[in-house]
Amino acid sequence: MKPGTKIYFASDFHLGVPDYESSLKREKRVVSWLEKIRTDAAEIFLMGDVFDFWFEYTKVVPKGFVRLLGKIAELVDSGIKIHYFTGNHDIWVFDYLPQETGVVLYREPIVREFWGKKFYLGHGDGLGPYDKGFKFLKKIYTSKIPQWLFARVHPNLGLSFAHYWSRKSRISNGSKDETFHGEDKEWLILYSKDILRREHIDYFIFGHRHLPMDIKIGDNSRYINLGEWVNYETYAVFDGQQLELKSYK
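Residues numbered from 1 in each chain as written. Predicted model: local features only at pLDDT ≥ 70, side-chain atom pairs only at ≥ 80, totals over all residues. Heavy atoms only, no water.

Enquirer: Before we go on, may I ask you to explain the sheet that holds strand β11 (residues 243-247) in this structure?
Expert: What links the strands of a sheet is backbone hydrogen bonding, and the strands pair in either a parallel or an antiparallel sense. Read from one edge of the open sheet, 6 strands run β4-β3-β2-β1-β10-β11, paired in mixed fashion. With one partner strand each, in any of the chains shown, β4 (104-106) and β11 form the two edges of the open sheet. Ignoring strand direction, the axes of neighbouring strands in this sheet form an average angle of 20°. With 3 bridges connecting them, strand β3 (residues 81-85) and β4 associate as parallel partners. Each bridged residue has a counterpart across the sheet, and for Phe85 the counterpart in β4 is Tyr106. (Pairing = 2+ DSSP bridges. Helix = DSSP H or I, 4+ residues; strand = E, 2+ residues; numbered from the N terminus. Axes fitted to C-alpha atoms, helices over the stretch in contact; angles between N-to-C directions.)

Enquirer: Would you explain the packing of aromatic side chains in this entry?
Expert: Any two aromatic rings considered together are summarised by their centre-to-centre distance and by the angle between their planes. A complete count under the given rule lists 28 aromatic pairs for this structure. On the numbers, 4.9 Å between centres and 25° between planes, the contact of Phe85 with Tyr106 is stacked. Highlighted residues: Phe85 in strand β3 and Tyr106 in strand β4, separated in sequence by 21 residues. Centroid distance Tyr191 to Phe206: 6.3 Å. Interplanar angle 65°. Geometry classified as edge-to-face. (Phe/Tyr/Trp six-rings, centres within 6.5 Å; stacked < 30°, edge-to-face > 60°.)

Enquirer: Explain the packing of helix α1 (residues 20-37) against helix α2 (residues 66-77) here, please?
Expert: Any two packed helices are characterised by the angle at which their axes cross and by the distance between the axes. With their axes 9 Å apart at the nearest point, α1 and α2 run at an angle of 15° to one another. Of the possible angle classes, the one that applies to α1 and α2 is roughly parallel. The chirality of how α1 crosses α2 is left-handed. Between α1 and α2, the contacting residues are Leu24, Glu27, Lys28, Val30, Val31, Leu34 and Glu35 on the first element and Val66, Arg67, Leu68, Lys71, Ile72, Glu74 and Leu75 on the second. For the contact of α1 with α2, the residue count by class is 8 nonpolar, no polar and 6 charged. (Parallel < 35°, antiparallel > 145°, perpendicular 65-115°, else oblique. Left-handed = near helix turned anticlockwise from the far one by under 90°. Contact = heavy atoms within 4.5 Å. Nonpolar A, V, L, I, M, F, W, Y, C, P; charged D, E, K, R; others polar.)

Enquirer: How should the sheet that holds strand β6 (residues 117-122) be read in this particular structure?
Expert: The strand order β5-β6-β7-β9-β8 describes an open sheet built from 5 strands, whose pairing is mixed. Each edge of the sheet is formed by a strand with only one pairing partner; in this case those strands are β5 (110-114) and β8 (213-217). Here the average twist between neighbouring strands, direction ignored, is 20°. Here β5 pairs with β6 via 5 bridges, running antiparallel. Considered in β6, the bridge of Phe114 is made with Lys117. In the packing of helix α7 (residues 187-196) onto the sheet, contacts are made with β6, β7 (203-206), β8 and β9 (221-225), and the angle to β7 comes to roughly 145°.

Enquirer: Explain the pattern of salt bridges here, please?
Expert: Between side chains of opposite charge, a pair can form when the charged atoms approach closely. Counted according to the given criterion, the structure contains 13 salt bridges. For Glu199, the salt bridge goes to Lys118, with nearest N and O atoms at 3.0 Å. With a gap of 81 residues between them, Glu199 in the loop between α7 and β7 and Lys118 in strand β6 connect regions that are remote in the sequence. Residue classification places Glu199 among the partly exposed positions, given a relative accessible area of 32%. Residue classification places Lys118 among the partly exposed residues on the basis of a relative accessible area of 25%. For Glu244, the salt bridge goes to Lys246, with nearest N and O atoms at 3.9 Å. (Salt bridge = Lys/Arg side-chain N within 4 Å of Asp/Glu carboxyl O. Buried < 20%, exposed > 50% of the residue type's maximum accessible area, 1.4 Å probe, protein only.)

Enquirer: When you look at a nonpolar patch on the surface in this model, what are you seeing that I'm missing?
Expert: A cluster of nonpolar side chains, Phe136, Leu137 and Ile140, forms an exposed patch at the surface whose accessible area comes to about 270 Å². On the secondary structure map, Ile140 appears in helix α4 (residues 132-141). When its relative accessible area of 33% is taken as the criterion, Ile140 is described as partly exposed. (Patch = residues over 30% accessible without salt bridge, like charges linked within 9 Å, V, L, I, M, F, W, Y side chains within 5 Å. Areas by Shrake-Rupley, 256 points an atom, 1.4 Å probe, with all protein chains shown as cover.)

What follows is the structure in structure tokens.
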């Protein structure tokens, strides 16, 4: 990494809900943040649920979000590497975003090292031996047969149904996750501790949980949850020495 550059992490923009006006305002905030950090960003990690729903037909993609997609492509073209993790809401991202914007796509957690520090990175959905109900649904959603069947539905009907379903979520209704359940009940913390039993990781960074968290685990490791942008506008930044959880508000 070049001296003076930083690594940025953000998650759960949930663009598309609860309505067009609110989503557009949030999208402009995200674009403003990306423009601000471009001056010192070496790499940017978008950690899932950027969109509240996304499905790519062979010749059709969801309407909207042109400001964000254009800004991502612009930053990638300028030499900033942008990584995109699929989440549980945008699990059906396929090849459109990598081809058109240049992002590097991930469907599973990865381990990266920056300035001698190890990072465990992922959206956070379906990890560990927890949330078995969602794991079952995820297997269905990631199966080729349901994807093929959904692609046979006309986009007007398919996307309308998907947006109706996604608006049933708590985040779509403006609800905040404000309750920390304790380290022994937070699934992603338990999962991170399981990883630490096998290998050392300095920073675990996830989205999905929606509650911004920075918690010391193990002897000298930290668990970071990036929160979300419907209520918090939180992100993390690593300058080579310190990692901070900040808010763009």
